[in-house]
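Letter by letter, the chains look like this.
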Amino acid sequence: MKKLVSNNVHWVGKIDWELRTFHGEEYSTHRGSSYNSYVVQEEKTVLIDTVWMPFAKEFVDNLESEGLLAKLDYIVANHGEVDHSGALPELMRRRPDLPIYCTANAVKSIKGQYHGDWDFHVVKTGDKLPVGNGKDLVFIEAPMLHWPDSMFSYLTGDAILFSNDAFGQHYASEYLFNDLVDQDELWEECVKYYANILTPFSALVKAKIEQVVGLGLPVNMIATSHGIIWRKDPLQIVNKYMEWAQDYQEDRITILYDSMWGATRRLAEEIGKGIVEASPATDVRLHNVARSDKNDAITDVFKSRAIAVGSPTVNKGILSATAGILEEIKGLHFKNKKAAAFGAYGWSGEGNKVICATLKDAGFELVDEGFKALWLPEEDILAQARAYGASLAKA
Ligand code: FEO
């Protein structure tokens, strides 16, 4: 069922309350998500983005029952990823005449996925699509935010920025606007989304925001492709993105570890205590990465000024959960954060060396070669672990 956004703009997307993982199993969606699609009805009727493929038929049936399917003049595809383009095959089957406005890279990604020989119209930054009644859709390419094909579309007159993934959240809600939802939940999902998806592109985020702000366009709303629409003080999320894009950190230290028989866990706990003893204001977070939600752990890393990563040595390496989170951290290109390694061992003890090498490769500043403990640590070693935590807090 369509929902009114503003004047002649309606939301026609899908709220996915059941979704618990996104990007395969890579991103946890504790609060579901939505695939936001919009219809602009001026003299011309324009569909902006669609929904994820499993909901394609439901989506196009809804357009038909709302009397919109036959009225559509254009499709704008801001991004080719399947959660927004997934209904195109069904839509084009039923309206093969519709032109699709998108970037040159979106032609590649859409053709690459659906192999449809559709009527693509390539647009660049500054190109306009007149929609009638004196209004235009103005296109702004946004490469790598977060795909090469991404773009924003801006509706003049109503001053709505259709930002696609940027400024979104995986957050299912029947309430369409930011001022109608629980603010703590909303911001939790916003920062998780930024930390886990946009961190590697922070330099581009900052440059793109400066470019768009430099255009001096009024912005009444930011209509994202996931979660709520920013209606109340829409620039608050833009300002937050600027903050997050500039090597963001809080006074937080996150300890990520895995443990076989508890020795490395004991080190993690004592390092945590040592941090708080030395720096009571520091917010310490521990994650057993084999058990914690990895995206929540990554969000804590994003907010941290330093991290400690631990694993016992096993087969001259480290446990797979620690290796897995390190791989994810490496890909996210965090900047301006310190790091330390720790772990228990019984025989050869190469774990810290493996962790340090990956952390260095991931761009962290190592405080030293790490803290290790032979077999199960007793009180003297636990005291050293606390002192190690204290030194990390002061590093
Ligand atoms: Fe929401 Fe990049 O797709």
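Rules and cut-offs
Residues numbered from 1 in each chain as written. Predicted model: local features only at pLDDT ≥ 70, side-chain atom pairs only at ≥ 80, totals over all residues. Heavy atoms only, no water. Pairing = 2+ DSSP bridges. Helix = DSSP H or I, 4+ residues; strand = E, 2+ residues; numbered from the N terminus. Axes fitted to C-alpha atoms, helices over the stretch in contact; angles between N-to-C directions. Buried < 20%, exposed > 50% of the residue type's maximum accessible area, 1.4 Å probe, protein only. Right-handed = clockwise from strand over helix to strand, strands pointing away. Parallel < 35°, antiparallel > 145°, perpendicular 65-115°, else oblique. Contact = heavy atoms within 4.5 Å. Salt bridge = Lys/Arg side-chain N within 4 Å of Asp/Glu carboxyl O. Core = buried A, V, L, I, M, F, W, Y, C linked by side-chain atoms within 4.5 Å. Domains from an automatic or database assignment. Buried area = accessible area lost by both parts, 1.4 Å probe.

A.B. asks: Could you clarify how one ought to interpret the sheet that holds strand β12 (residues 128-132) in this entry?
C.D. replies: Strand pairing within a sheet occurs via backbone hydrogen bonds; the two strands may be parallel or antiparallel. Reading across from one edge, β12-β13-β14-β15-β16 is the order of the five strands in this open sheet, with mixed pairing throughout. The strands lining the two open edges of the sheet, one partner per strand, are β12 and β16 (221-224). Neighbour-to-neighbour, the strand axes of the sheet open up by a mean angle of 20 degrees, direction not taken into account.

A.B. asks: What is the right way to read the pairing of strand β10 (residues 99-102) from this model?
C.D. replies: As a general feature of sheets, a regular strand has side chains that alternate between the two faces. By the alternation rule, side chains of β10 split into P99 and Y101 and I100 and C102, which are all buried. Relative to β10, strand β9 (residues 74-76) runs parallel, the two being bridged by two bridges. Across the sheet, the residue bridging to I75 is I100, located in β10. Pairing geometry for β10 and strand β11 (residues 119-122), over four bridges, is parallel. Residue pairing for β11: I100 is matched across the bridge by F120. Crossover connection from β10 via helix α4 (residues 104-114) to parallel β11: handedness right-handed.

A.B. asks: For this particular structure, what's the right way to read the packing of helix α5 (residues 183-198) against helix α9 (residues 294-303)?
C.D. replies: Geometry of a packed helix pair, given as the angle between the helix axes and the separation of the axes. The geometry of α5 relative to α9 is characterised by a closest axis approach of 9 Å and an angle of 85 degrees between their N-to-C directions. Considered as vectors, α5 and α9 are oriented roughly perpendicular to each other. Note on element contacts: α9 touches α5 through N295, D296, I298, T299, F302 and K303, opposite V191, K192, Y194, A195 and N196.

A.B. asks: Would you take a moment to explain unusual backbone geometry for this structure?
C.D. replies: The peptide bond linking L145 to H146 adopts the cis configuration, its omega dihedral lying at 5 degrees. Along the chain, the position of H146 falls in the loop between β13 (135-141) and β14 (151-155). Phi is positive for N7, which is not a glycine, with a value near 40 degrees. Summarising the element assignment, N7 is placed in the loop between β1 (3-6) and β2 (9-11).

A.B. asks: Help me understand the pattern of salt bridges in this model?
C.D. replies: Oppositely charged side chains can pair when the atoms bearing their charge come close. All chains considered together, the criterion is met by 33 salt bridges. Close ionic contact of R231 with D179 constitutes a salt bridge, the shortest N to O distance being 2.7 Å. Linking R231 in the loop between β16 and α7 (235-245) with D179 in the loop between β15 (160-164) and α5, this pair joins segments that are 52 residues apart in sequence. Since its relative accessible area comes to 32%, R231 is described here as partly exposed. Judged by relative accessible area, D179 falls into the partly exposed class, the value being 31%. Between R386 and E270 there is a salt bridge; the shortest N-O distance is 2.5 Å. Taken together, the positions of R386 in helix α12 (residues 379-394) and E270 in helix α8 (residues 263-278) put the pair 116 residues apart, joining distant regions of the chain. The class of E270 is buried, set by a relative accessible area of 2%.

A.B. asks: What am I meant to see in the nonpolar core here?
C.D. replies: Membership of the largest hydrophobic core comes to 87 residues, with the highest contact counts inside it found for L63 and Y241. A per-element tally of this core places α5 first, with eight residues. Here this core spans two domains, and each of domain 1 (3-244) and domain 2 (252-394) adds at least three residues to it. Beyond its immediate sequence surroundings of up to four residues, Y241 is in contact with A166, F167, G168, Y193, Y194, L198, V205 and I209.

A.B. asks: What exactly am I supposed to notice about the domain arrangement of the chain here?
C.D. replies: When the parts come together, some accessible area is lost, and that loss is often what is quoted as the size of the interface. We note that the domain assignment places domain 1 (3-244) and domain 2 (252-394) within the chain. Here domain 1 and domain 2 have C-alpha centroids that lie 39 Å from each other. At the interface, 13 residues of domain 1 touch 13 residues of domain 2. With both chains or domains summed, domain 1 and domain 2 bury close to 1,100 Å², and 55% of this area falls on carbon and sulfur atoms.

A.B. asks: What is the right way to look at the sheet that holds β11 in this model?
C.D. replies: Taken in spatial order, the seven strands line up as β1-β2-β7-β8-β9-β10-β11 in an open sheet, and their pairing is mixed. The sheet is open, and its two borders are formed by β1 and β11, each paired with just one other strand. Adjacent strand axes in the sheet meet at a mean angle of 25 degrees when their direction is disregarded. Bridge analysis of β1 against β2 gives three bridges, and the strand direction is antiparallel.

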